[in-house]
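# Close look at the chain arrangement
Next come the chains, spelled out residue by residue.
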Amino acid sequence: MEKNLEKIFILESKEKYNEAFISYKSLLNLNPTNFKIWKYYFFFLWSMIEDVNGNFTIIKNENLNIELNKELKLGIEKFKNLAEFNFITGYTISIFPYEFGDYDELEELGQELLCRACELDSENPFYKMVFLGSIENRTKIQQNEYETLKPRVEKLILEQNSENGLLNKYYRQIFVRK
């Protein structure tokens, strides 16, 4: 499975998104309960909506939203007790809630999922920092904690997300400031 994901990551890096999509679907059909495959596929779908650059033509944007929402519902059924699931879905929803449906309702869901990720893995500084960053009117204590977590998270991202793939690349671009 790792070898198959690495092949998909290579397709992503070469912006061969149609081929990557087909490969993800095939791999998920063989391993429908594998969270690692699911998370990369979910993030891939989200990325195609936001950063398509005309290189993804296999699905129209409105159908891409339908596929993303279908995967969100499947993920909630299968993975709701995994901290990383709650983090990834909470993060993507909180960044662009309108991609998932009703803005206000989903903005709240995104916040709840980020909070749940922190509850499920209270020792994870990445989850905590992103959750604190999503709070609109942080207290001074929350702001100080957020600032304190940033260097720890940067180190953690570099250690844990050194693989290829859109998700890992995104984490390094957004959360590691060099």
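Here, the structure is the one placed above.
Residues numbered from 1 in each chain as written. Predicted model: local features only at pLDDT ≥ 70, side-chain atom pairs only at ≥ 80, totals over all residues. Heavy atoms only, no water.

## What to know about the overall build of the chain
Scanning the chain from N- to C-terminus turns up nine helices and zero strands. Secondary structure elements in the chain, listed N-terminal to C-terminal, are α-α-α-α-α-α-α-α-α. Computed over the C-alpha atoms, the radius of gyration of the chain is 16 Å, within 12% of the 16 Å expected from 2.2 N^0.38 for a compact globule of 178 residues. Based on the C-alpha atoms only, the size of the chain along its principal axes is roughly 45 × 35 × 30 Å. Buried positions account for 45% of the 178 residues belonging to the chain. Intrachain contacts of the chain at a sequence separation of at least 6 include 58% that bridge at least 24 residues. Surface exposure of the chain reaches about 9,700 Å², of which carbon and sulfur atoms provide 49%. Computing the positive centroid from 23 side-chain charges and the negative centroid from 28, the chain places the two 7 Å apart. (Helix = DSSP H or I, 4+ residues; strand = E, 2+ residues; numbered from the N terminus. Rg over C-alpha atoms; globule rule 2.2 N^0.38 Å. Buried < 20%, exposed > 50% of the residue type's maximum accessible area, 1.4 Å probe, protein only. Contact = heavy atoms within 4.5 Å. Areas by Shrake-Rupley, 256 points an atom, 1.4 Å probe, with all protein chains shown as cover. Lys, Arg positive; Asp, Glu negative; His and termini not counted. Charge placed at Lys NZ, Arg CZ, Asp CG, Glu CD.)

## Some words on the environment of phenylalanine 9
Inspection of the secondary structure assignment puts phenylalanine 9 in helix α1 (residues 2-13). The exposure class assigned to phenylalanine 9 is buried, which follows from its relative accessible area of 3%. The spatial distance from the C-alpha of phenylalanine 9 to the C-alpha of alanine 20 is 7.8 Å, given a sequence separation of 11 residues. In this structure phenylalanine 9 touches Tyr24, Tyr40, Asn164 and Gly165, once residues within four positions along its chain are discounted.

## Structural notes on unusual backbone geometry
In the Ramachandran plot, glutamate 15 falls in the positive-phi region, its phi being about 55° despite a non-glycine side chain. Along the chain, the position of glutamate 15 falls in the loop between α1 and α2 (17-30). Under the relative-accessibility criterion, glutamate 15 is labelled partly exposed at 39%.

## With respect to the packing of aromatic side chains
If you walk through the whole model with that rule in mind, you get 25 aromatic pairs. Considering the side-chain rings of phenylalanine 35 and tryptophan 38, the 6.0 Å spacing of their centres and the 25° angle between planes classify their relative orientation as stacked. Placement of both phenylalanine 35 and tryptophan 38 in helix α3 (residues 35-51) is noted, with a separation of three residues, approximately one turn of the helix. Of the two residues, phenylalanine 35 and tryptophan 38, both sit in the buried class. Each ring, one from tyrosine 91 and one from tyrosine 170, has its centre 6.0 Å from the other, and the planes form 65°; the classification is edge-to-face. Taken together, the positions of tyrosine 91 in helix α5 (residues 83-95) and tyrosine 170 in helix α9 (residues 166-175) put the pair 79 residues apart, joining distant regions of the chain. In this pair, the class of tyrosine 91 matches that of tyrosine 170, namely buried. Within the aromatic cluster, the residues linked to one another by ring pairs are Phe43, Trp46, Phe87, Tyr91, Phe96, Phe126, Tyr127, Tyr170 and Tyr171. (Phe/Tyr/Trp six-rings, centres within 6.5 Å; stacked < 30°, edge-to-face > 60°.)

## Description of α1
Its 12 residues give α1 an end-to-end C-alpha distance of 16 Å, which sits within 8% of 16 Å, the value for a rise of 1.5 Å per residue. Glutamate 15 occupies a position one or two residues after α1 and carries a positive phi of about 55°. (Expected span 1.5 Å × (residues − 1).)

## Here we look at the packing of α5 against helix α6 (residues 103-120)
Between α5 and α6, whose axes approach to 7 Å, the crossing angle comes to 150°. Accordingly, the angle class assigned to the pair α5 and α6 is roughly antiparallel. Both α5 and α6 take part in a crossing whose hand is left-handed. Contacts between α5 and α6 involve Ala83, Asn86, Phe87, Thr89, Gly90, Tyr91, Ile93 and Ser94 from the former and Leu106, Leu109, Gly110, Leu113, Leu114, Arg116, Ala117 and Leu120 from the latter. By residue class, the composition of the contact of α5 with α6 is 10 nonpolar, five polar and one charged. (Axes fitted to C-alpha atoms, helices over the stretch in contact; angles between N-to-C directions. Parallel < 35°, antiparallel > 145°, perpendicular 65-115°, else oblique. Left-handed = near helix turned anticlockwise from the far one by under 90°. Nonpolar A, V, L, I, M, F, W, Y, C, P; charged D, E, K, R; others polar.)

## So, the nonpolar core
By size, the foremost hydrophobic cluster in this structure holds 58 residues, and its most contacted members are Phe44, Phe87, Phe126 and Tyr171. With 12 residues, α3 is the single largest residue contributor to this core. Among all residues touching tyrosine 171, those that are not within four sequence positions of it are Phe87, Ile88, Phe126, Ile157, Asn161 and Val176. (Core = buried A, V, L, I, M, F, W, Y, C linked by side-chain atoms within 4.5 Å.)

## A word on a negative patch on the surface
Residues Asp102, Asp104, Glu105, Glu107, Glu108, Glu112 and Glu136 make up a contiguous surface patch of negative charge. Following the sequence through the fold, glutamate 107 ends up in helix α6. (Patch = residues over 30% accessible without salt bridge, like charges linked within 9 Å, V, L, I, M, F, W, Y side chains within 5 Å. Salt bridge = Lys/Arg side-chain N within 4 Å of Asp/Glu carboxyl O.)

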